[in-house]
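Below, each chain spelled out in residue letters.
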Amino acid sequence: MIGDIAAVSLGAVAGAVSRYQIGNIATRIIAEDKRLSPLTGWHTAAINIFGSFILGTLAGTPTLDTSAKQDMKGISPRVRLMAGVGFCGSFTTFSTFSVDIIGMLNSGKMVRAITYATVNNVGGVAAAFAGFNMAKRIIKN
């Protein structure tokens, strides 16, 4: 139990710090080049889509039974917790996505809000599907 909590915590710290740093880098790059200003906030969509790919890959990877000797490819339950619940849980963000859309709607940017929501949702599901299938193909070989 304590080991699982530590694994989730470690993954969560790594995911949150990664998300924070990507946001800082994206904001700085956009501030330095005004031509990129239409991309403001889109780093959240990229993070959500990439996180969906990671979680899809984890979902497509078998969990090893750590109590039995196996020659099977896969990941341990603790690594799954660390990467899935911890890292992906704090790296991706539905709340920021939601607030971004509210901000766009309040600014009268209806088309941008719909596009943003569509890209996040369709892109996230497509990325998770791709990650899942990639893992299944790799594990099968």
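These notes cover the structure that comes with them. One numbering rule holds for all chains: residues counted from 1, following each sequence as written. Since the coordinates come from a predicted model, pLDDT governs what is reported: local features require at least 70, and pairs of side-chain atoms require 80 or more to be given and counted, while whole-chain, interface and lining totals use all residues. Only hydrogens and water are set aside when side-chain values are computed; all heavy atoms of the structure are taken into account.

## Description of the packing of aromatic side chains
Rules: Planes of paired rings set the category: under 30 degrees apart is stacked, over 60 is edge-to-face and the rest tilted, where pairs are Phe, Tyr or Trp rings (Trp by its six-membered ring) whose centres lie within 6.5 Å. Helix and strand assignments come from DSSP, with helices taken as H or I runs of at least 4 residues and strands as E runs of at least 2, each series counted from the N terminus.
Overall, the coordinates contain five aromatic pairs when judged by the stated rule. Ring geometry for Phe87 against Phe91: centres 5.0 Å apart, planes inclined by 20°, an arrangement best described as stacked. Here Phe91 and Phe87 lie together in helix α3 (residues 77–91), a separation of four residues that amounts to about one turn. Here a set of aromatic residues connected by ring pairs shows up, and it is made of Trp42, Phe94, Phe97 and Tyr116.

## Concerning the side chain of Thr93
Our working rule: Buried residues are those whose accessible area, probed at 1.4 Å on protein chains only, stays under 20% of the maximum for their type, while exposed residues exceed 50% and partly exposed ones sit between those limits.
Among the secondary structure elements, Thr93 is positioned in the loop between α3 and α4 (94–106). According to the relative accessible area criterion, Thr93 is buried, its value standing at 8%.

## Some words on the pattern of salt bridges
Selection rule: Salt-bridge detection follows one rule: a side-chain nitrogen of Lys or Arg within 4 Å of a carboxyl oxygen of Asp or Glu.
Per the stated rule, a full pass over the model turns up three salt bridges. The partner of Arg78 in a salt bridge is Asp4, and the shortest N-O contact between them spans 3.0 Å. Pair noted here: Arg78 is in helix α3 and Asp4 is in helix α1 (residues 2–32), with a separation of 74 residues, a long-range link. Arg35 is the partner of Asp33 in a salt bridge, and the nearest nitrogen-oxygen pair spans 2.8 Å. Since its relative accessible area comes to 71%, Arg35 is described here as exposed.

## Focus: the packing of α4 against helix α5 (residues 110–140)
Heads up, the condition is: Only the contacting stretch of a helix is used when fitting its axis, a line to C-alpha atoms as for every element, and angles between N-to-C directions run 0 to 180 degrees. Angular relationships are summarised with four words: roughly parallel below 35 degrees, roughly antiparallel beyond 145, roughly perpendicular across 65 to 115, and oblique for the angles in between. Whether a crossing is left-handed or right-handed is set by the direction in which the near helix is turned from the far one by less than a right angle, anticlockwise for left-handed and clockwise for right-handed. Note on definitions: a residue-residue contact is assigned when non-hydrogen atoms from the two residues lie within 4.5 Å.
Remark: α4 packs on α5, axes separated minimally by 8 Å, with the N-to-C direction vectors making an angle of 160°. Viewed along their axes, α4 and α5 adopt a mutual orientation that is roughly antiparallel. Between α4 and α5 lies a crossing of left-handed hand. Along the contact surface, α4 presents Phe97, Asp100, Ile101, Met104 and Leu105, while α5 presents Met110, Arg112, Ala113, Tyr116, Ala117, Asn120 and Asn121.

## Quick notes on a nonpolar patch on the surface
The test is simple: The patches reported here contain residues having more than 30% relative accessible area and no salt bridge. Joining distances are 9 Å for like charges and 5 Å for nonpolar side chains (Val, Leu, Ile, Met, Phe, Trp, Tyr). Here the Shrake-Rupley method, with its probe set to 1.4 Å, supplies the accessible areas, and only the displayed protein chains count as covering residues.
Together, Ile102, Leu105, Met110 and Ile114 make up an exposed nonpolar region whose accessible area comes to about 380 Å². Put simply, the parts of the chain that give the nonpolar patch at least two residues each are α4 and α5.

## Topic: α4
Formally: Each residue after the first adds 1.5 Å to the expected span of a helix. By definition, the arc is the one covered by directions from the helix axis to the C-beta atoms.
Compared with an ideal rise of 1.5 Å per residue, which puts 13 residues at 18 Å, α4 spans 18 Å between its outermost C-alpha atoms and is within 8% of the ideal. Listing the buried residues of α4 in full gives Phe97, Ile101 and Met104. Projected down its long axis, α4 shows its buried positions confined to an angular sector of 60°, all on one face. Residues of α4 that are exposed and point more than 90 degrees away from the buried face comprise Val99 and Asn106. Contacts made by the buried residues of α4 are with α2 (42–59) and α5. Two residues or fewer past α4, Gly108 is found with a positive phi of approximately 75°.

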